[in-house]
Every structure is written in C-alpha cells, then in structure tokens.
Amino acid sequence: MKRPTSPPEPSRRQGAVSRRRASAAPDRRAPAPKPKPKQRAAGPGVGSRARAWGRHHRAMLVDSLQRLVRHPLGSLLTMLAIAIALVLPAALWLTLDSARLLDAELDESATLTVYLEPAVDQAQAERIEEAVGAEAGVGETRLISAEEGMATFQRSLGLDDTLMGLEENPLPASIVIHPQSVDPAAMEALAGQLEGLAGVDEVRLDLAWVERLRHLANLGRRVALALGVLFGFGVLLVVGNTIRLAVESRRREIEVVMLIGATHAFVRRPFLYSGAWYGFGGGGLALLLLGLGNHWLSLPVAALAASYGADFSLPQLDVAGSTILLACSTLLGWLGAWLAVSRHLASIRPR
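Because the structure is predicted, anything quoted here is derived from the model rather than measured.

1. Quick look at helix α11 (residues 319-345)
Consideration 1: The terminal C-alpha atoms of α11 lie 38 Å apart, and with 27 residues this matches the ideal 39 Å at 1.5 Å per residue to within 8%.
Consideration 2: Those residues of α11 that fall on the buried side of the exposure criterion are Gly321, Ser322, Leu325, Ser329, Gly333, Gly336, Ala337, Ala340, Val341, His344 and Leu345.

Below, the structure is given as structure tokens:
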C-alpha cells in the first residue's frame, strides 16, 4: 500500500523571488481616511438664553398670581394688612400737600401795614404810597383811605349805628404792602426802613402766628417721614412672614430643584413675584380706602370750613400720587419677599 505523497516544497530561491515581487507590487487598496478633529457642540446663543429667561419670568408671573387666586381669603387678608399700613402715611402725605398750599397762602397773606399820620390828606397819602412803592423790597401796595377803613371796621363789628354818631373819623389812612421776600428778617428790615419816611406814623408787622404755623408744618413733615418709614418696615414684615410660610410649605420642592442644579435666582423668582403681587394688591386697597375716607369726611369738613367763611376741601391723590403709592407698595412687597427667601435659601441644603 503506497503512502500519499505531499506536494513538492518550493525552493528557497523561488520563495525569495516571490517575496520581492510582492513587496515591489503597488498597494491598490484605498488609503484610510484621516480622523477629523473633534468639534465641540455649540451651546445656546445669547438670544436663545434671553428668550428662555423671559419665558420663565412670564411663567412665574402668571403662576404666582394663580397661587394667590387659589387662596383668596388669605391673600386678601395679607393685602388688607398692607393697605392699612399704607393708608396712614398716605393720608399724612395728603395733609402735607394741604399744608404746602396753606404755606403758599400764608406767603401771600404776609403783609406790612403802614399807618399814616392823622394830618395827612388824600393827596399826600397818594404821594407817600408812590414813595413807599419805590423802596427796595416792596412788591405791591394798596392805599386804604380813612373813610374806607372806617366802613370796613363798621361792617366787621356790626356797629353802624353806634359809630355814625362820631364827630370825626379817628382812623388814619393806611398802606398795605406785599413784600417781595417773606423772610422774617427781611420784613423786619423793610419795616424799619419804611418808618423813616415822612408822614409815616407806624409800621405794623405781625409774624408770630405765621412762624407758629410754619413750625407746625415742619413738625408734621417730620412726623409723616417717621411714620412712613415705620409703616414701611411693617409692610416688609407682613410680606416677609407670608413668604416665609410659602417657602416652608414648598421646602421639599425647593430641595428637589436645587438637587438637580437650580440656582438660587431660579428658586427665588416665583416668591419675588408673589411678594410684588401682595404689594400691588395692598397699594390698590390703600387707594380704595383713601377714596372712601375722603368721600366720608368731605361733607363734614366742607360744612366746618363754611361755618368759618372759608372754602376748603380734602385733597385727593392724583394720577402721579396714585402711581407713586402703587410703585412704593410693589417695591416694598418685592423687597420683603427677597429678604425672606434669601434668608431661608441659605439654610436649605438638598439631601
């Protein structure tokens, strides 16, 4: 039985030749592509971030209002407490406006009265009035004759029949002067200057009651400022306490959103809008209470002023004053919420 024969092995020379041919033959395979450098993914642009920021603000604005509407009684009580805290400073503000109007009227009523000598006749009185009007510091002048002064005196006292029996008029002619400056020192200097004119008997100047009223007006301004600051702190406390309770009720939610990377500004935003809504609502209720109080007190005040022969009405807030009140109340609500939320966010740690 014959064994199978294996194919003949190539000689060493043939193997070397075939290796040289293989190495010399060109490689017809396509070259491998070079790897491209990796590019970073482009992040969102400034415009898209701004639009997202605006959308979140609008969403929190609506969401905070809806949360207040879901609890109408509690929200109304908080706004009413803010309104009561704002009514008194606003009422004092209106009173100061009336005091400024009264101060302007006092400036107009601040006058000097120059009494002429009894021997001065009408022609001499007119010449003295011209001389007085030419003096420095004199604004307007008005000559009151002796007969006109007696008639005014009779009407004011109701003694027409009694004074008619007098043989001669005891009242002298006088000149009423409206000075250019209502400063007490300037008016006293002007009075001393006029007393040296010929034919002038006496210059009467009474500033004591004007000074008292101005001191009262200054005191009222200080009291109004102190009460405004005090009740402003009251608004901060009311809003801060309300927002503190809201933060505690949503503590778990805040911990979760902070755990996934939310910033303090993101967490703080809805509470800030809630505080602003509280302040805005409190300012609106304060305007309503001021209007009702003005309507309730206007008739008695007008009747009291009419009994003294005066025409006075209670001042009201105009559009500018109402806007300032609403802006201040909204700002106080926002500030109270910011203080409360910032204080509590510093103590919240996500677990």
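2. What to know about a nonpolar patch on the surface
Consideration 1: Nonpolar side chains collect at one region of the surface, where Leu73, Leu77, Leu80, Ile84, Leu288, Leu289 and Leu292 lie side by side and expose about 670 Å² of accessible area between them.
Consideration 2: Residue assignment for the nonpolar patch shows that the elements contributing at least two residues are α3 (72-109) and α10 (264-307).
Consideration 3: Among the elements that line the nonpolar patch, the one with the most residues is α3, at four residues.
Consideration 4: Taking the relative accessible area as the measure of exposure, Leu289 reaches 34% and is therefore partly exposed.

3. Some points on the side chain of Thr242
Consideration 1: Relative to the helices and strands, Thr242 resides in helix α8 (residues 208-249).
Consideration 2: The exposure class assigned to Thr242 is buried, which follows from its relative accessible area of 18%.

4. Observations concerning helix α7 (residues 184-194)
Consideration 1: Residues Met187, Leu190, Ala191 and Leu194 constitute the buried set of α7. Down the axis of α7, the buried side of the element spans an arc of 100 degrees, and every buried residue falls inside it. Away from its buried face by more than 90 degrees, α7 exposes Ala185, Glu188 and Ala189.
Consideration 2: Those residues of α7 hidden inside the fold are in contact with β1 (112-116), α4 (122-133), β2 (138-144), β3 (174-179) and β4 (200-204).

5. What about the pattern of salt bridges?
Where charged atoms from two side chains of opposite charge approach closely, those side chains can pair.
Consideration 1: Applying the stated criterion across every chain yields a total of three salt bridges.
Consideration 2: Taking the shortest distance from any N to any O, the salt bridge between Arg67 and Asp63 comes out at 3.0 Å. With Arg67 and Asp63 both in helix α2 (residues 46-70), this residue pair falls four residues apart, about one helical turn.
Consideration 3: Judged by relative accessible area, which is 31%, Arg67 ranks as partly exposed.
Consideration 4: The partner of Arg251 in a salt bridge is Glu248, with the nearest N and O atoms 3.5 Å apart.
Consideration 5: Classification of Arg251 as partly exposed rests on a relative accessible area of 26%.
Consideration 6: Accessibility expressed as a relative area gives 36% for Glu248, which makes it partly exposed.

Rules used in this analysis
- Per-chain numbering applies: the sequence of each chain, read as written, is numbered from 1 onward.
- Per-residue local features of the predicted model are confined to residues with pLDDT of at least 70, and side-chain atom pairs are confined, for both listing and counting, to 80 or more; whole-chain, interface and lining totals are unaffected and use all residues.
- Note that water and hydrogens are dropped before the side-chain values are worked out from all heavy atoms of the structure.
- The helix and strand labels rest on DSSP assignments: H or I over at least four residues marks a helix, E over at least two residues marks a strand, and numbering proceeds from the N terminus.
- Helix span is expected to be 1.5 Å times the residue number reduced by one.
- Accessible area is worked out with a 1.4 Å probe on protein chains only. A residue is then buried under 20% of its type maximum, exposed over 50%, and partly exposed in between.
- Patch rule: a residue counts if its relative accessible area is over 30% and it has no salt bridge; like charges are joined within 9 Å, and nonpolar side chains (Val, Leu, Ile, Met, Phe, Trp, Tyr) within 5 Å.
- Accessible surface area values rest on a Shrake-Rupley calculation with a 1.4 Å probe, where residue burial reflects the displayed protein chains alone.
- The salt bridge definition used is simple: a Lys or Arg side-chain nitrogen within 4 Å of an Asp or Glu carboxyl oxygen.
- As used here, the arc is the angular range of directions from the helix axis to the C-beta atoms.
- The criterion used for residue contact is that any of the two residues' heavy atoms lie within 4.5 Å.

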